[in-house]
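Residues per chain, in single letters:
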Amino acid sequence: MKKIAILGSTGSIGVQSLDVAEKQNYRVTALTANTNAKKLEEQSRKWHPECVAMSDENSAKLLKIALADTDIKVYSGREGVCECALNSSADTVINSIVGLAGLHPTLSVIESGKTLALANKESLVAGGKLVTDSAKKNNVPILPVDSEHSAIFQCLQGRPTNNALKKIILTASGGPFFGKTKSELENVTAEQALKHPNWSMGAKITIDSATMFNKGLELIEAVWLFSMKPEDVDIVVHRESIVHSLIEYDDNSVIAQLGLPDMRIPIQYALTYPERYPSPVGELNLAEIASLSFYKPDYETFECINICKKAISLGGLYPAAVNSANEEANRLFREGKIKFGQIPELISTAFDIVEDKNTYTVYDIDNLDILARERVKQSVR
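The model shown is predicted, which means the values in this text are computed figures rather than measured ones.

1. Here we look at the overall build of the chain
Then step 1. Regarding its fold elements, the chain presents 17 helices and eleven strands.
Then step 2. Each principal axis of the C-alpha distribution contributes one length, and for the chain these read about 55 × 50 × 40 Å.
Then step 3. Looking at the chain as a whole, 56% of its 381 residues are labelled buried.
Then step 4. Expressed as a percentage of contacts within the chain between residues at least 6 apart in sequence, the contacts between residues at least 24 apart total 66%.
Then step 5. When the accessible surface of the chain is split by element, carbon and sulfur atoms take 48% of a total near 16600 Å².
Then step 6. Counting 41 positive and 48 negative side-chain charges, the chain places the centres of these two groups 2 Å from one another.

Structure, rendered in structure tokens:
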């Protein structure tokens, strides 16, 4: 029986991962969450993992009391999350933690030698070189869970021996504000931004989709996952979210992966790779969909893509800086403290605080995270 651990089990990806685990009859050995102690208690009683962890200390205290009648070990803080990643008997660990908080657990999974199913894109955005170098050193495969990167990974299974990959093409839904101008977006609310047309995701990621910063993050992630130059990763807006991404070879042949917009397909493929099994997701009926549309992104209105392109082109700690600045700006927008149009302006302040160097540690990223968030907050005051 396959054994899995899920970091971020109470979020959208985590819940869907448990659905896949139930369908495939997997053993769940560890679960972690941030603050939702009630939901993690429910999951723990259903799945009986060896250990659980909550990154929020107060939530962990509540969970420990709630699970006192069980033999489940309860850990707390970032160290506790890493403990679950390191020491449970899982074969594969799904990291679906939201944001930079997923970086340390990603490194812990790799150091443990377990297979990493990665849904936390910020790990590669902020710590791309650290993560990929450690994966090579420990001979640990990184299996992508993001729908776009899973699509690319699936398309590459037929890669020729001469590795004639020319280009990666990421598809983007365009979010809820496709076709809008800057002026039209000036006063949109978080409630409007959270109405994604195709996908059901957490609040932070849904706002990132509305600004299209999420697509910039995915571009950076693709650079690290597939050893591509930034200029060889294209983006195309595809409103139906049926084509999840494409690759182009040197002979200009283009291969795409298609499917219904349901994250359980890439989650399951990461867990069953290289095999495929019946899925809980419905079949794709192209005749019912009838047409697929594609558009060039509006880089002027959705400036966040260009910010991410600039950051990965500069390299070093620049991607980490803009990622942290975005997390703070995203939070401020959701709390109604800034306007939608201020998000790219605030993210751009991070470029001024970065020390230009190619060699860095995870603690450099942690320190920069604090500085970038503070710079955003100072710019709002």
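Let us keep going from here.
2. Quick look at the packing of helix α11 (residues 213–225) against helix α14 (residues 304–314)
Then step 1. Taken N-terminus to C-terminus, the directions of α11 and α14 make an angle of 25 degrees; their axes are 7 Å apart at the nearest point. If you check the angle between α11 and α14, you find them roughly parallel. At the point where α11 passes α14, the crossing takes the right-handed sense. Counting all contacts with α11, which are made through F213, G216, L217, L219, I220, V223 and W224, the residues of α14 involved are C304, C308, K309 and I312.
Then step 2. Here the contact of α11 with α14 is built from residues that sort into nine nonpolar, one polar and one charged.

3. A closer look at the sheet that holds strand β3 (residues 51–54)
Strand pairs in the sheet, formed through backbone hydrogen bonds, run parallel or antiparallel to each other.
Then step 1. If you trace the seven strands from one edge of the open sheet to the other, you get β4-β3-β2-β1-β5-β6-β7, paired in parallel fashion. Bordering the open sheet on either side are β4 (73–76) and β7 (142–144), each of which pairs with just one other strand. For this sheet, the mean angle separating the axes of adjacent strands, direction not counted, is 20 degrees.
Then step 2. With four bridges joining them, β3 and β4 adopt parallel strand pairing. The residue bridging V52 from the neighbouring strand is V74, located in β4.
Then step 3. On top of the sheet, helix α3 (residues 57–66) reaches β3 and β4; it is set at about 165 degrees to β4, its chief contact.

4. A few points about the environment of V243
Then step 1. Among the structural elements, V243 can be located in strand β10 (residues 243–249).
Then step 2. A relative accessible area of 5% means that V243 is categorised as buried.
Then step 3. Separated by 18 residues in sequence, V243 and P261 have C-alpha atoms that sit 9.0 Å apart.

5. Some words on the packing of helix α10 (residues 203–211) against helix α15 (residues 318–334)
Then step 1. Two elements in contact, α10 and α15, have axes whose closest approach is 10 Å; the angle formed by their N-to-C orientations is 100 degrees. In terms of axis orientation, α10 runs roughly perpendicular to α15. Note on element contacts: α15 touches α10 through N326, E327, N330, F333 and R334, opposite A203, K204, I207 and D208.

6. Examining the pattern of salt bridges
Then step 1. Per the counting criterion, the structure on display carries 26 salt bridges.
Then step 2. For the salt bridge of K23 with D19, the shortest nitrogen-to-oxygen distance reads 2.8 Å. Here K23 and its partner D19 are both found in helix α1 (residues 12–24), four residues apart, which amounts to about one turn of the helix.
Then step 3. Note that E355 is salt-bridged to K357, the shortest N-O span being 3.9 Å.

7. Observations regarding α1
Then step 1. With 13 residues, α1 extends 19 Å between its outermost C-alpha atoms, agreeing within 8% with the 18 Å of an ideal straight helix rising 1.5 Å per residue.
Then step 2. For α1, the full list of buried residues reads I13, G14, Q16, S17, L18, D19, V20, A21 and Q24.
Then step 3. Those residues of α1 that are buried lie in contact with β1 (3–7), β2 (27–33), α2 (37–47), β5 (92–95) and α12 (264–272).

8. Some words on the packing of aromatic side chains
Then step 1. Within this structure, the stated rule accounts for seven aromatic pairs.
Then step 2. With a centroid separation of 5.7 Å and an interplanar angle of 75 degrees, the aromatic rings of Y269 and Y273 are classed as edge-to-face.
Then step 3. For Y269, a relative accessible area of 6% gives the class buried.
Then step 4. Overall, the relative accessible area of 33% leaves Y273 in the partly exposed class.
Then step 5. A network of ring pairs unites the aromatic residues F153, Y269 and Y273 as a single cluster.
Then step 6. Above the plane of the ring of F351 lies K310, whose end atom (NZ or CZ) is 4.2 Å from the centre.

9. What about the side chain of D146?
Then step 1. For D146, the location among the structural elements is in the loop between β7 and α7 (147–155).
Then step 2. Within the structure, D146 has its side chain in polar contact with the side chain of K121 (distance 3.3 Å).
Then step 3. Look past the residues within four positions of D146 in its chain and what remains in contact with it is L118, A119, K121, E218, E221, M263 and P266.

10. Concerning the sheet that holds β10
Then step 1. The sheet built from four strands is open, its strands ordered β9-β8-β10-β11 with mixed pairing. At either margin of the open sheet sits one strand with a lone partner, and together these are β9 (233–237) and β11 (254–258). Within this sheet the neighbouring strands show an average axis-to-axis angle of 20 degrees, counted without direction.
Then step 2. Bridge analysis of strand β8 (residues 165–172) against β9 gives five bridges, and the strand direction is parallel. In the sheet register, I169 faces β9, and the bridge partner there is D234.
Then step 3. Each of β8, β10 and β11 is contacted by α7, which is oriented at about 40 degrees to β10, the strand it contacts most.

Basis of the calculations
- Residues numbered from 1 in each chain as written.
- Predicted model: local features only at pLDDT ≥ 70, side-chain atom pairs only at ≥ 80, totals over all residues.
- Heavy atoms only, no water.
- Helix = DSSP H or I, 4+ residues; strand = E, 2+ residues; numbered from the N terminus.
- Buried < 20%, exposed > 50% of the residue type's maximum accessible area, 1.4 Å probe, protein only.
- Contact = heavy atoms within 4.5 Å.
- Areas by Shrake-Rupley, 256 points an atom, 1.4 Å probe, with all protein chains shown as cover.
- Lys, Arg positive; Asp, Glu negative; His and termini not counted.
- Charge placed at Lys NZ, Arg CZ, Asp CG, Glu CD.
- Axes fitted to C-alpha atoms, helices over the stretch in contact; angles between N-to-C directions.
- Parallel < 35°, antiparallel > 145°, perpendicular 65-115°, else oblique.
- Left-handed = near helix turned anticlockwise from the far one by under 90°.
- Nonpolar A, V, L, I, M, F, W, Y, C, P; charged D, E, K, R; others polar.
- Pairing = 2+ DSSP bridges.
- Salt bridge = Lys/Arg side-chain N within 4 Å of Asp/Glu carboxyl O.
- Expected span 1.5 Å × (residues − 1).
- Phe/Tyr/Trp six-rings, centres within 6.5 Å; stacked < 30°, edge-to-face > 60°.
- Lys NZ or Arg CZ within 6 Å of the ring centre and 35° of its normal.
- Polar contact = N/O pair within 3.5 Å; in protein donor to acceptor, adjacent residues only side chain to side chain.

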